[in-house]
Amino acid sequence: MNILENKRKNFCLLLVLIFWSLNSTSHAVTDSPGFKIFIWPYQTDVLTDYDVYRDLGLSGFQIDRGAGQHQRIRLSIEKDFPYYAGHVADKGYLYLKNNHKDRITGKNSLLERPFSLGDPKVIKQIKAHILKNISDLKNGNVIAYALDDEISLGTFVNPSDVDVSSVSLEWFRKWLKEEYITIEALNRQWDTDFKSFSGVFPQGFEQVRKNLSNKRFSGWNLSPWMDFRQFMDFQFSTVLSELVEYANTIDPVTPVGFVGGQAPSAWGGYDYGRLTRAVQWMEAYDIHGTNEILRSFWRDPKRLKMRTFFSSNNVKIDSWFLWYNLLHGVQAVIAWPEGWFETIDGKRQPSDHIQSLKKIFKTVQGEISNSIVNRNSLFSADPIGIYYSHPSVQAGWAMDALVHGKTWPKRLSSIDNENQSSGVLRKVWCKTLEDLGFQYDFINYLDVKESKINLNQQFKLIILPKTICLSQKEADVFRQFVENGGVLVADYVCGIFDGHGRWRKTGLLDDMFGIQRKDTAGYLNGKGITEINAERYKAPFNERFSYYNGAFEYKRMVIFERGTKKRDNQMRKNNNGPDVVIKNNYKKGSTYYLNLSPIKYWGSQNRFSGFGENWRMMISTILESAGLKPRVSVLAADGSKMMESLFWQNGETIYLGIIKNPSDNFEQINGEPTKITLSFNKEVLLKNLRSKREFQRKKVFEDIFSPWEGNLYEVNFQDANN
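Values in this document were obtained by computation on a predicted structure and should not be read as measured data.

Caption draft 1: Quick look at the overall build of the protein chain. Within the protein chain, the secondary structure is distributed over 23 helices and 28 strands. Its C-alpha radius of gyration of 26 Å places the protein chain within 12% of the 27 Å reference for a compact globule of 722 residues. Its C-alpha atoms put the protein chain at 75 × 65 × 50 Å along the principal axes. For the protein chain, buried positions account for 62% of its 722 residues. Of the contacts formed within the protein chain by residues at least 6 apart in sequence, a portion of 74% connects residues at least 24 apart. Of the roughly 27,600 Å² that the protein chain leaves accessible, carbon and sulfur atoms contribute 46%. Computing the positive centroid from 93 side-chain charges and the negative centroid from 81, the protein chain places the two 4 Å apart.

Okay, structure coming up:
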C-alpha cells in the first residue's frame, strides 16, 4: 500500500462523503430531529425486552456485528425501531484482545503490532467482516455502523511504541521521504547519519528519554520519536478512511465510524485532527474536551456524535447528564444497561432507579430537543478560537512522562485521563470561557497547515494553549492573523519546538509576542518541567504539582518560564523575576503572552476562589480588548455558580440553552429549583420553550431553573421595529 495509492483512496473517500452528506435518504440521526437514547445489549435483548424499552421511551437499540441477525433486523422494520450496528469490522483487529493486547502492554521497546494495519492481508480480513455484516444490516432500520469499540493502535491510549513490523516500516520510510525529500534533510532534523531512507529506523520513547535525561530543555530533540508517532497517527486514520470508503460502497447512505473514542493523546492513534477527517460519526468519551472538538471540526457538514450513558443511580445527576449532552449538540446517547432490568414473577421490568428516569427520558427525547438535534441547527460560537495542535499534545506528554523515569510504560489511560497536563489545560480554557459567558470553536492544526481556513474571517481572538510545537507555516498564518487585526493569546512555552519536536533557539512568534527567553533560568521552581505529577495520581488534585513549590507566582498563579521577559526590558515591580501578561501591539492587531499556567483552575476549590477570580478577571480584560462581550450573563439567585449558556441557530431562529457546568464537583446538581437572572447586552424577545412562558422585550429577565435540568429559550435579537 504506497502513499500515492492512499492519496487516491482518500480522494475516493471524499467523493463518497460528499455523496453521503447530500443524499436525502440517509439514515443518519441528524436527518431525524430529536435527541435519541439507544440501548446496548448487555443483560438485555430487544427480542425479549422490546415492550419495556418502548414503555421507558427508549429510541432504539444496538445490533452486534450483524451477519445472521435477521430476526432483530425484521423487528426494527416492523416496529419502526432503529438500531446502530457495533463491531461490523469484528473485534480483535482495530481493538486488540487477550494475548495480542498483552504483547504490547507495559513494554518500553519498539514493538510489532499484532494484525499490523500496514499489512494488506489484515485489511482484507477486516473488509471481509465488514462485507458479511453490512450486507445483512443494511436491509434494516439502521442509522450508523461502528467499525469497533475503543479502537487503538495499541490498547486505549496506554503507551505502546507500535508498529515496527516490516510492512509498517516500509510505509513509514516512504512517508518520511515525502516529508523530508532528501536523507540529508532528515539527518539534520534527527541528528542521525542514515545513508538512505531504506535504512531509517525510528526511536522509541525509552531511547529518547535516555537521551534527554541529562539535557536541558533547550537540548531536546523529540523528532525521531515524534515523527514515528505522527506517522502512526497518519497510518491509523488512513486505514480507517479506507475501511469507511469500503463500507460506503456496500451501503452508501449510512455513516460509518466507531465508538469508545479516547482522549487526544500521543498514543493509540488519537489525533483528532486526522480522525475527524477519516470517519463519518463517532461516540467518544468526553475526555479533555473531545465533544467540543468534534462539535467544532464537524460543524458543517454536521456529523453524528454520541455519548455513552452510565446511570449513576442518582436521578438528578442522570437527568443533568442527558440535558448537558443535548444542549451541547450530542444527537444520541448509548445506554449501558447494567442492572437496568429485572424479572419478577416471570415479567421483565425496569429496576426502580431506571423507572424513575422514565419521565426524563421522554422529556429529553421529546419536542423540546428538535430545535437543537436538527440537521439545520448549527452551534453559534463567539468569534473565539482554541487551537488544537496534536504535535504539542505529543511533546506535552513527553514533558509529563519525565517524572516516571523508566516506569513510563505504566502510565495507563486511566492515569493519563486525569493527569495529562495539556488535556487538563484544554478543559481549563473551555471552562474559563464558559464561566465568562462565551463559547468557542476549536481550530484543527491541519486546516491551518493546509490553508483550509481563513482565521480573520471566523475569529477575533485565538488562544494557543501550551502550543509547544509550531511549524513555519502555522507561525506565518498566525502572524497574518494578527497583522490583519486579530488578537492572539498564548499561555506558555509557545512555539519553542518545531513541528517535529525539536527545540528552537528562538520561538517563531517571540518577536510578535514581544518577548525574549533565557532557558538557563529554568521553569517552574527550576527543578523540573512537569506540571501534573502523575506519580502522585492518588493524591488530591492540588497536591500533584511537585515543581510548583518555590516557583514564582503572580496573583496566586504559577509562572512557568523563569527567564522570559519583555523585549523592551520594562519589568513589572518584581524586576528580579520573569514578566507576565505581556501585551504587544503588532500591525493592526495585538498579542498577549501570559507566561502563566491556569491549570489548577480545573479543581472546583480553585475555580471558585480568589485564584479563579483573578484568572477570570485577567482573561475578561483581554477579551474586552478584542471587542468581545458575552451575549448573555446568567446568575442564580441562590448563589450557585457553574452556569453555562449555549446558542444554536436554525435559519433566522436563535435558541439559548442554560445548563449547570461543573468540573469535578457535582454537589450543586443536587440543589433545589432557584430563580435565575438572564442579562442580555441588548433588548430581546424571550420565550421559554419548556414552560411556554413568553417575556416582553427587555434586557434583563428572571425565570425558574432546576440545577439538574436545562432551560431552553427562543431568542429574538431583532430590533423592536423589525
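Caption draft 2: Region of interest: the environment of isoleucine 372. Structurally, isoleucine 372 is set in the loop between α14 (358–364) and β11 (378–379). Taking the C-alpha atoms as reference points, isoleucine 372 and glycine 329, 43 residues apart in sequence, are found 6.6 Å from one another. Ignoring sequence-local partners within four residues, the contact set of isoleucine 372 consists of Lys302, Leu326, Leu327, Gly329, Ser377, Trp648 and Leu712.

Caption draft 3: Fine view of the sheet that holds strand β18 (residues 557–559). If you trace the three strands from one edge of the open sheet to the other, you get β17-β18-β22, paired in antiparallel fashion. Looking at strand neighbours, the two that pair on one side only are β17 (553–554) and β22 (596–597), the edges of this open sheet. Alignment of β18 against β22, held across two bridges, turns out to be antiparallel. Residue pairing for β22: valine 558 is matched across the bridge by serine 597. Lying over the sheet, helix α23 (residues 610–625) contacts β17, β18 and β22, oriented at roughly 65 degrees with respect to β18.

Caption draft 4: Structural detail: the packing of helix α6 (residues 166–180) against helix α7 (residues 183–190). Between α6 and α7, the shortest axis-to-axis distance is 9 Å and the interhelical angle comes to 95 degrees. As far as their axial angle goes, α7 and α6 are roughly perpendicular. Touching Phe172, Leu176 and Tyr180 of α6 are Ala185, Leu186, Gln189 and Trp190, all from α7. Among the residues forming the contact of α6 with α7, the class breakdown is six nonpolar, one polar and no charged.

Caption draft 5: Broad picture of the packing of aromatic side chains. Inspection of the entire model under this criterion finds 58 aromatic pairs. Between the aromatic rings of tyrosine 270 and tyrosine 272, the centroid separation amounts to 6.1 Å while the plane-to-plane angle is 40 degrees, which identifies the pairing as tilted. Residue classification places tyrosine 270 among the buried positions, given a relative accessible area of 0%. Chaining the aromatic ring pairs together yields one cluster made of Tyr50, Tyr53, Phe61, Phe81, Tyr83, Phe309, Phe321, Trp340, Phe341 and Phe361. Seen from the ring of tyrosine 440, arginine 295 lies directly overhead, with NZ or CZ sitting 5.7 Å from the centre.

Caption draft 6: Region of the structure containing the environment of aspartate 510. As for its placement among the helices and strands, aspartate 510 is situated in helix α21 (residues 510–513). Counting along the chain gives 451 residues from aspartate 510 to serine 59, while the straight-line C-alpha distance between them is 53 Å. For aspartate 510, the residues in contact, after removing those within four places along its chain, are Cys494, Ile515, Arg517 and Arg567.

Caption draft 7: Local environment of the sheet that holds strand β1 (residues 36–39). Taken in spatial order, the eight strands of this closed barrel run β1-β2-β3-β4-β5-β6-β7-β8, and their pairing is parallel. Adjacent strand axes in the sheet meet at a mean angle of 30 degrees when their direction is disregarded. Direction of pairing for strand β3 (residues 83–86) relative to strand β4 (residues 142–149): parallel, over a ladder of three bridges. Bridged to alanine 85 within β4 is tyrosine 145. Sheet strands touched by helix α12 (residues 315–327): β7 (304–310) and β8 (332–336). Its angle to β7, the strand with the most contacts, is close to 175 degrees.

Caption draft 8: Up close: the pairing of strand β23 (residues 632–636). Of the two faces of β23, only the one carrying Val632, Val634 and Ala636 is buried; Ser633 and Leu635 on the other face are not. Sheet topology note: the β23/strand β26 (residues 674–688) ladder contains five bridges and is antiparallel. Each residue of the ladder has a partner; that of leucine 635, found in β26, is threonine 677.

Caption draft 9: Fine view of the environment of phenylalanine 695. Position of phenylalanine 695 among the secondary structure elements: in strand β27 (residues 694–705). Given a relative accessible area of 9%, phenylalanine 695 falls into the buried group. Between the alpha carbons of phenylalanine 695 and leucine 685 there is a distance of 6.4 Å; along the sequence they are 10 residues apart. In this structure phenylalanine 695 touches Leu685, Leu686, Asn688, Phe701, Glu702 and Asp703, once residues within four positions along its chain are discounted.

Caption draft 10: Highlighting the pattern of salt bridges. For the coordinates displayed, the defined rule picks out 30 salt bridges. The partner of aspartate 45 in a salt bridge is arginine 72, with the nearest N and O atoms 2.7 Å apart. Taken together, the residues aspartate 45 in the loop between β1 and α2 (46–56) and arginine 72 in helix α3 (residues 70–78) connect sequence positions 27 residues apart. Here the salt bridges do not stand alone but share partners, grouping Arg277, Asp447, Glu450 and Lys452 into one network.

Caption draft 11: Local environment of the packing of α2 against α3. Contact geometry for α2 and α3: axes closest at 11 Å, N-to-C directions at 25 degrees. As far as their axial angle goes, α3 and α2 are roughly parallel. Regarding α2 and α3, the two cross each other, and that crossing is right-handed. Together, Val46, Leu47 and Tyr50 of α2 and Gln71, Arg72 and Leu75 of α3 make up the contact between the two elements. Its residues assigned to classes, the contact of α2 with α3 shows four nonpolar, one polar and one charged.

The rules behind these values
Residues numbered from 1 in each chain as written. Predicted model: local features only at pLDDT ≥ 70, side-chain atom pairs only at ≥ 80, totals over all residues. Heavy atoms only, no water. Helix = DSSP H or I, 4+ residues; strand = E, 2+ residues; numbered from the N terminus. Rg over C-alpha atoms; globule rule 2.2 N^0.38 Å. Buried < 20%, exposed > 50% of the residue type's maximum accessible area, 1.4 Å probe, protein only. Contact = heavy atoms within 4.5 Å. Areas by Shrake-Rupley, 256 points an atom, 1.4 Å probe, with all protein chains shown as cover. Lys, Arg positive; Asp, Glu negative; His and termini not counted. Charge placed at Lys NZ, Arg CZ, Asp CG, Glu CD. Pairing = 2+ DSSP bridges. Axes fitted to C-alpha atoms, helices over the stretch in contact; angles between N-to-C directions. Parallel < 35°, antiparallel > 145°, perpendicular 65-115°, else oblique. Nonpolar A, V, L, I, M, F, W, Y, C, P; charged D, E, K, R; others polar. Phe/Tyr/Trp six-rings, centres within 6.5 Å; stacked < 30°, edge-to-face > 60°. Lys NZ or Arg CZ within 6 Å of the ring centre and 35° of its normal. Salt bridge = Lys/Arg side-chain N within 4 Å of Asp/Glu carboxyl O. Left-handed = near helix turned anticlockwise from the far one by under 90°.

So yeah, pure geometry; function would need other evidence.
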